[in-house]
Each structure stands twice: as structure tokens, then as C-alpha cells.
Amino acid sequence: MVRLKRLTAALQSVTGHADAMLVTHLQDVRYLTGFTGSSAALVVPIRSTPTRKAKRKPVLFTDGRYIVQAHQQTKNAGVVIAQGPILREACAWILKEGLEHCAFDAEHTTVATLDSMRQWIPAKQRRSFFQPVPPVVASLREIKDAEEIVLMRKAASLGCSLFEQILLTGIEAGKQEVEIAAELEFAARMAGAEAMSFETIVASGARSAQPHGQATTQRMPQRGFVVLDFGVLLNGYCSDMTRTIHLGHATAAERNAYEAVLAAQMAAVAAVPPGVACEDIDEAARSVLRHAKLTDFFTHSTGHGVGLEIHEGPRIAVRQRQRLEPGMVITIEPGVYLPGRFGVRIEDMVLVTARGSEVLTPVTKAWSEL
Ligand code: ZN
Ligand code: ZN
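Note that the coordinates shown come from a computational prediction; the quantities given were computed from them, not determined experimentally. (Residues numbered from 1 in each chain as written. Chains lettered and ligands numbered in written order. Predicted model: local features only at pLDDT ≥ 70, side-chain atom pairs only at ≥ 80, totals over all residues. Heavy atoms only, no water.)

J.: How would you sum up the overall build of the protein? Please name residues and give values.
T.: Scanning the protein for helices and strands turns up 11 helices and 19 strands. With the C-alpha coordinates of the protein rotated into their principal frame, the extents come out at 75 × 40 × 35 Å. Residues classed as buried in the protein amount to 52% of the 370 residues present. Intrachain contacts of the protein at a sequence separation of at least 6 include 68% that bridge at least 24 residues. Here the protein displays about 16,100 Å² of accessible surface, and carbon together with sulfur accounts for 55% of that area. Here the protein contributes 40 positively and 38 negatively charged side chains, and the mean placements of these two sets differ by 7 Å. (Helix = DSSP H or I, 4+ residues; strand = E, 2+ residues; numbered from the N terminus. Buried < 20%, exposed > 50% of the residue type's maximum accessible area, 1.4 Å probe, protein only. Contact = heavy atoms within 4.5 Å. Areas by Shrake-Rupley, 256 points an atom, 1.4 Å probe, with all protein chains shown as cover. Lys, Arg positive; Asp, Glu negative; His and termini not counted. Charge placed at Lys NZ, Arg CZ, Asp CG, Glu CD.)

Next comes the structure, spelled out in C-alpha cells:
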């Protein structure tokens, strides 16, 4: 209920005169109601209407595949099992309730979806019926509540134990990247994860210079870096962490790069307290790499919010003036990538707390030559 109240308050400040919001982004629906099905639209009345004094409670529309699940999971909203297209039923309900202007999230609604929403509204009302608003639910989701923090801790700590496991048994010269990914993913599922939160990155040798080097059949080299970037989806929440290890003896250049990335990562984590602008966290990492003359090889931003989705706000990047607030969970993941040679990335999930920060993925990042 608190989440819906926060949404209503947020909507009142961004909409001119919308009296309802149609939420169609599935993670937003899940966040507001608990419903996890793959087909859903949620109508959230914002205020009372001339025909009805008391504001209606939200209504979730889904289809016949989810009759049992929708009734079991949905909190704080009525459930309607649509007989036809769910958007048609949602729009019919909005009209029947006498609501005249409906907000929708412009960032998460495709042109095709908006067209199909519009076709269910009578022509004379259609023109100003749907009003685009910024992604208000996504903004609320940036700040995790106590219940979400518990779940994010669980996801992050499963990620840590998977890394410890793979470090002990999984990585040796000659083994394929996909075998390591498969072992990690099998262990994740056995520990209860619904899925991985994104495609597992195992990038070895020269492939470590590809920031998004998904696991291939390439075999681990006798010597060189291996970047492991992976996450689990546990109870709907994503984890995300990266560790880089080294097989065999490292060159001075490799060791310098690793130490610079680690120092950059630690500097950015240390810069995290609430009130700090995201661009300053990015700069904390970037300036360390600048001093090490590696900044040209740091080719992405420093981090991102994480939660029900793997990439959420805020963005920890240059020119991002947004300030950190307690309850945000962000990643800090600087890296350097020397094409054709090697790459290093180190990534933690960090919870912004009232006084500072807490690393949710405190598993070792000590230099390791396996
Ligand atoms: Zn990652
Ligand atoms: Zn990440």
C-alpha cells in the first residue's frame, strides 16, 4: 500500500490533470502489486471523479492463464481476468468509471502499445485521453524499501557464494568458457535462483578486453586474465558482480592494470555516501585511472542501479547530476580494456545507507594467480 501511496503522490506532482495511470511495464506491476505473470496491465486511479466520490482501488487486468496466480499474488488491487485483449478491458474499465484522462509511462510504452490503447477509446475523447508522464514507478523503484533490501542481500550473497565455489573448483587452463558458465548457472539454479539476471560473461585471455564477452567455447589460456561477470535472479531481484582472476604468471602491465582498476573501484565505493552526485562517483573511479594513464581504456560508465531489473536508475556516469539517496542499490564497476591484449573489471553491488554505504558483495578481490 505504501508503494501505491508513493506513486499517487508522485503522479500528482508530474501530471496536469490525469485521474488515473495505466501501468503496463511488468516489473512496475510486480513492484506495485506482487503479481509476477507475463501479461498484466494495472489501472491506478489517482483521484475521485465527479461520478464517484470515493477513489477506487487499483485494478489488475490479466488473462486466463493466470486466474489462480493472480488471485494468490495480487495485493492492494482488484483482479479482472480479461476475456479479450487486456488493454481493451483496462480501457473499458477506465471509461466506465468516468475517468477522463489517463497517464502512461512514456519511456516504457511503445508506439504500437499506445496505438492499441487509443483504439479502445471513443474518437471524441481520444485526443487528450492518454497523457505521457516520466517513468514515475521506475523512479520510486530506485529507492529500495526494507523488504526489497532483504531480498537484494540474499541475491547478492548467493552471487558471492557462487564465485567462491567456482574459484575453488571451476577455473583451469584448457577448460571452455561455456563450461565455467554452465557450472556457475547450474549451481545458481540448485541454490534456488529462478534464472541468471543476464547472460553470463566469462571472457578469458585476449577476450577479456571485450567488456561484454559472453562465454564461448574458447578454452582458458595457460596464462592471462579471466573476467567473470554474472548475476542471479532470486525472488525477482537481480544480483550483479564481476571478478577478474589471473591464470599463470602475470606481466607487470597486467598487474598494474589490475591494481589501478581495484584502486579506482575502491575509490568510487568510498565516494558513495548519500547526497553525492552520481557524476562524482564516476569521477572518483575515472580520476584514479587517469593517474595510471589508463583512462582511455575505461570505455563505459562506472555503474548503474539494480533491483527487479538488472539495469535501473540511477546511472553512475559522467554528467549525471542525480544525487544518491539512502536505499539505492548501485553497482560500481570500473574496468580497462586493452584491445587484443587483456581486460580487467571489478564490480560490486553497493547499498547506499543513511550514513554511508555497504558493499553487498564483499567476496574477495585480492589479486589471485591460480
Ligand atoms: Zn555485471
Ligand atoms: Zn553491472
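J.: Tell me about the coordination of the zinc ion (ligand 2), residues and numbers included.
T.: For the zinc ion (ligand 2), the full set of protein donor atoms is Asp240 (OD), His304 (NE2), Glu333 (OE) and Glu347 (OE), and the range of their distances to it is 2.0 to 2.2 Å. Donor residues for the zinc ion (ligand 2) sit on one chain with the sequence pattern D-x63-H-x28-E-x13-E. (Donors = N, O, S within 2.8 Å, 3.2 Å for Na, K, Ca; no water.)

J.: A description of the coordination of the zinc ion (ligand 1) should follow, citing residues and the corresponding values.
T.: Think of it this way: four donors in a tetrahedron around the metal ideally sit 109.5 degrees apart, and six in an octahedron ideally sit 90 or 180 degrees apart. Only Asp229 (OD), Asp229 (OD), Asp240 (OD) and Glu347 (OE) from the protein reach the zinc ion (ligand 1) as donors, at distances of 2.0 to 2.6 Å. Its four donor atoms give the zinc ion (ligand 1) angles of 54 to 151° at the centre, a pattern that matches the irregular case. Coordination of the zinc ion (ligand 1) draws on donor residues from a single chain, spaced D-x10-D-x106-E in sequence. Here the zinc ion (ligand 2) and the zinc ion (ligand 1) are spaced 3.2 Å from one another, each receiving a donor from Asp240. One end of the pair, Asp229, is in strand β9 (residues 224-230); the other, Asp240, is in the loop between β11 (237-238) and β12 (241-247), and 11 residues separate them in sequence. Accessibility assignment for this pair places Asp229 and Asp240 in one class, buried. (Tetrahedral: all angles 85-135°; square planar, octahedral: opposite > 155°, others 65-115°.)

J.: How would you sum up the nonpolar core? Please name residues and give values.
T.: Here is a general trend for soluble globular proteins: nonpolar side chains tend to be buried in one another's company. Residues Leu7, Leu11, Met21, Leu32 and Leu42 are the most contacted members of the largest nonpolar core, which totals 39 residues. Taken together, the elements giving at least two residues each to this core come down to α1 (2-14), β1 (20-23), α2 (26-33), β2 (41-45), α7 (136-141), α8 (146-169), β11 and β18 (348-352). Setting aside chain neighbours within four positions, we find Met21 in contact with Leu7, Leu11, Leu42, Val43, Val44, Ile46, Cys102, Ala103, Phe104, Asp105, Val133 and Val136. Formed by 28 residues, the second largest nonpolar core is a distinct cluster that contains Val261, Ile281, Ile330 and Ile332. (Core = buried A, V, L, I, M, F, W, Y, C linked by side-chain atoms within 4.5 Å.)

J.: Explain the sheet that holds β11 to me, using residue names and the numbers behind them.
T.: Across the sheet, which stays open at both edges, the three strands sit in the order β7-β10-β11 with antiparallel pairing between neighbours. The open sheet has two edge strands with one neighbour each: β7 (195-196) and β11. In the sheet, strand β10 (residues 232-234) pairs with β11 via two bridges, with the strands oriented antiparallel. From the neighbouring strand, Leu233 faces β11, where its bridge partner is Cys238. (Pairing = 2+ DSSP bridges.)

J.: Quick one: what's the story with the pairing of strand β14 (residues 312-316), residue by residue and with numbers?
T.: Relative to β14, strand β13 (residues 303-305) is paired through three bridges, and the arrangement is antiparallel. If you follow Gly303 over to β14, its bridge partner there is Ile316.

J.: Account for the sheet that holds strand β8 (residues 201-204), with residues named and values stated.
T.: Sheet architecture is open: three strands sit in the order β8-β9-β12, paired in antiparallel fashion. Every other strand in the sheet has two partners, leaving β8 and β12 as the edge strands with one partner each. Strand-to-strand twist of the sheet, defined as the mean angle between neighbouring strand axes without regard to direction, takes the value 15°. Where β8 meets β9, four bridges bridge the pair, whose relative direction is antiparallel. Across the sheet, the residue bridging to Ile201 is Asp229, located in β9. (Axes fitted to C-alpha atoms, helices over the stretch in contact; angles between N-to-C directions.)

J.: How would you summarise the packing of aromatic side chains if you had to cite specific residues and measurements?
T.: Between two aromatic rings, the relevant description is the distance of the centres plus the angle of the planes. What the rule picks out here adds up to six aromatic pairs. With a centroid separation of 6.4 Å and an interplanar angle of 65°, the aromatic rings of Phe61 and Trp93 are classed as edge-to-face. In this pair, Phe61 sits in strand β3 (residues 59-62) while Trp93 sits in helix α4 (residues 86-96), placing the two residues 32 residues apart along the sequence. Overall, Phe61 belongs to the buried group, its relative accessible area being 2%. Both rings, one in Phe129 and one in Phe130, keep their centres 5.1 Å apart while their planes meet at 75°; by these two values the pair is edge-to-face. Residue class for Phe130 comes out buried when judged on its relative accessible area of 5%. Connected via pairs of aromatic rings, a cluster forms that spans Phe104, Phe129 and Phe130. Over the ring of Trp120 we find Arg88; its NZ or CZ atom is 5.7 Å from the centre of that ring. (Phe/Tyr/Trp six-rings, centres within 6.5 Å; stacked < 30°, edge-to-face > 60°. Lys NZ or Arg CZ within 6 Å of the ring centre and 35° of its normal.)

J.: Describe the pattern of salt bridges, and please don't skip the residues or the numbers.
T.: Scanning the entire structure with this criterion turns up 19 salt bridges. A salt bridge links Glu312 to Lys144; its shortest N-O distance comes to 2.9 Å. In this pair, Glu312 sits in strand β14 while Lys144 sits in the loop between α7 and α8, placing the two residues 168 residues apart along the sequence. Neither residue differs from the other here; Glu312 and Lys144 are each classed as buried. Note that Arg153 and Glu358 form a salt bridge whose closest N and O atoms lie 2.5 Å from each other. Of the two residues, Arg153 sits in helix α8 while Glu358 sits in strand β19 (residues 357-359), which places them 205 residues apart along the sequence. (Salt bridge = Lys/Arg side-chain N within 4 Å of Asp/Glu carboxyl O.)

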